[in-house]
Amino acid sequence: MRIKSIQLILLICLLFSVACSYHPKHTDFSKQTSSFKIYNQAIPITVSLDNDEYFNQLGHYLKLTSYVKLAPEPLLATLRQIQIQDDRIYVVDRLNRMVCYDMIGKVIFQIHAIGNGPGEYNEINSFTINSDRNELVIYDNIRSSLLYYSADNGKFLKSEKLEKPNPSEMAFFDGRYFYNNRDHKNYPNDSLYHYSLLSSKDGHNIEQTCFPHNDDEEAYRFSPSLQTFYRNDNKLYYCKNFDHIVYRLNRDSVISCYNIALPNPLPTREIEKQADEYSLLNSDYSFGISNVFENDHLLYFRFFNKRFIHNVLYDLRTNEQICCVKSLQEKPNPKVPLLDIINGVYKDQFFGILSPDFIQYWKEKYPSNLPDIFRNYDASSDNPVIVFCSPF
């Protein structure tokens, strides 16, 4: 199956999963009910829709350092999730296959166990790596279960029921499981789960909560973001539903780090009136902060405006925006091709997925700038390539 462009997939997903960044009712930390320690250290970040004049100067800020070409077998469908941890690359594709690679792209193990038996799942809704126990943990919403596998070889270890919450996403960091809890419609009378952020030491018993649910946000049936948790090497960032503030999570604290002011942000009234998503997609409003990754003095994130995903690169050292460019560029930067698709930070390097379609386009448009790794690349039979990039 040919893998579609990551940028196009993101655009399609946004048609069904509108991510809205506006000034919510629960941004004021002083009014929060939380068992976390709360610290407000937010740095203001102002974004403008510039004319992309700095796009061609990205080579002054970022440099390509390496590529990892994923082994051609198994041939992956569109990638849905990726994590890199402990020198291993974990990916999940649209066929609900989990494949683990080493840092040269060789397959270590794969898990493709669709079913209802031991070690089987109906869908991989989310996954994380418990580094304390060296376990790969998969959440299956249909079976309301957590499934545990060895992070070394993919061997099935056990499964446990997780009746509640029903998280849209999970992460493990600093000895804690974190859950993004989109709503509480399945447990309206259990107030413990009426929060967006939940935390647990063992993955089952919720000991900490933050960000009470907002009635307007809950009633708005679009998932507000494609992601909420962002692993940045030794940091875990979180940007909750309908928010414009990026938080850093620790085992016992929530720290507001960045207060992002988008141009013409989506107003509260659009959420309250349950605005049609197609109208929002074509509007002048900005919304949907996602893919928040920080590397040294550079901060990267995305948002949505006028039917386009916009990619922002911001210099924290000078407190200045470097560029804000549209995805799906007709002329992508050949020197730094991953700006559209940064998916994480690992060992002080940004990394992103280059899809077969993107690589084929790159080969046709910029044959003279093509790295050797792509000379014999076949978009119909080769898997994506992971590209790494470091700040200057």
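Please read these numbers as outputs of a predicted model, since none were measured by experiment.

Thresholds applied
Residues numbered from 1 in each chain as written. Predicted model: local features only at pLDDT ≥ 70, side-chain atom pairs only at ≥ 80, totals over all residues. Heavy atoms only, no water. Disulfide = S-S within 2.5 Å. Buried < 20%, exposed > 50% of the residue type's maximum accessible area, 1.4 Å probe, protein only. Pairing = 2+ DSSP bridges. Helix = DSSP H or I, 4+ residues; strand = E, 2+ residues; numbered from the N terminus. Axes fitted to C-alpha atoms, helices over the stretch in contact; angles between N-to-C directions. Salt bridge = Lys/Arg side-chain N within 4 Å of Asp/Glu carboxyl O. Contact = heavy atoms within 4.5 Å. Phe/Tyr/Trp six-rings, centres within 6.5 Å; stacked < 30°, edge-to-face > 60°. Lys NZ or Arg CZ within 6 Å of the ring centre and 35° of its normal.

Novice: In this structure, what is going on with the state of the cysteines? I would like to understand it.
Specialist: Defined simply, a disulfide is a covalent bond joining two cysteines at their sulfur atoms. The tally for this structure, following the rule as stated, stands at zero disulfides. Of the cysteine sulfurs around Cys323, a residue in no disulfide, the closest is that of Cys324, at 7.6 Å. According to the relative accessible area criterion, Cys323 is buried, its value standing at 0%.

Novice: Would you take a moment to explain the sheet that holds strand β10 (residues 156–161) for this structure?
Specialist: Strand pairing in a sheet relies on backbone hydrogen bonds, with the paired strands running either antiparallel or parallel. Read from one edge of the open sheet, four strands run β7-β8-β9-β10, paired in antiparallel fashion. Taken across any chain shown, the strands that pair with only one partner, and hence form the sheet edges, are β7 (126–130) and β10. Across the sheet, the axes of successive neighbouring strands diverge by a mean angle of 20°, strand direction being ignored.

Novice: So what exactly am I meant to see when it comes to the sheet that holds strand β14 (residues 206–212) here?
Specialist: Within the open sheet, the four strands sit side by side as β11-β12-β13-β14. Their pairing is antiparallel. In the strand order of this sheet, the two ends are held by β11 (169–173) and β14, each with one partner. Taking the axes of each pair of neighbouring strands and ignoring which way they run, one obtains an average angle of 20° across the sheet. Strand direction decides the pairing type here: β11 and strand β12 (residues 176–180), joined by five bridges, are antiparallel. Along β12, the bridge assignment pairs Glu169 with Asn180.

Novice: What's the story with the pattern of salt bridges in this structure? I'm lost.
Specialist: When the charged atoms of two side chains lie near each other, side chains of opposite charge can form a pair. Applying the stated criterion across every chain, the model contains 12 salt bridges. Of the charged contacts, one joins Arg133 and Glu135 as a salt bridge, the two residues approaching to 3.4 Å between their closest N and O atoms. For Arg133, a relative accessible area of 54% translates into the label exposed. Among the ionic pairs, Arg176 bridges to Glu207, the shortest N-O distance being 2.7 Å.

Novice: Honestly, the side chain of Glu135 in this entry has me stumped. Any pointers?
Specialist: Tracing the chain through its elements places Glu135 in strand β8 (residues 135–140). Leaving out residues up to four positions away in the same chain, Glu135 has contacts with Thr128, Ile129, Asn130, Tyr148, Tyr149, Ala151 and Leu157.

Novice: Is there a simple way to explain the packing of aromatic side chains in this structure?
Specialist: Each aromatic ring pair is specified by the distance between its two centres and by the angle formed by the two planes. Applying the stated criterion across every chain, the model contains 14 aromatic pairs. With 5.3 Å between their ring centres and 85° between their planes, Tyr67 and Phe374 make a pair best called edge-to-face. Of this pair, Tyr67 sits in strand β2 (residues 62–69) while Phe374 sits in the loop between α5 (356–365) and β25 (385–391); the two residues are 307 residues apart in sequence, bridging distant segments of the chain. What makes Phe374 buried here is its relative accessible area of 0%. On the numbers, 6.2 Å between centres and 75° between planes, the contact of Phe374 with Tyr377 is edge-to-face. Ring-pair connections join several aromatic residues into one group, and the members of that group are Tyr67, Phe358, Trp362, Phe374 and Tyr377. The positively charged end of Lys158 is found above the aromatic ring belonging to Tyr148, 4.8 Å away from the centroid.

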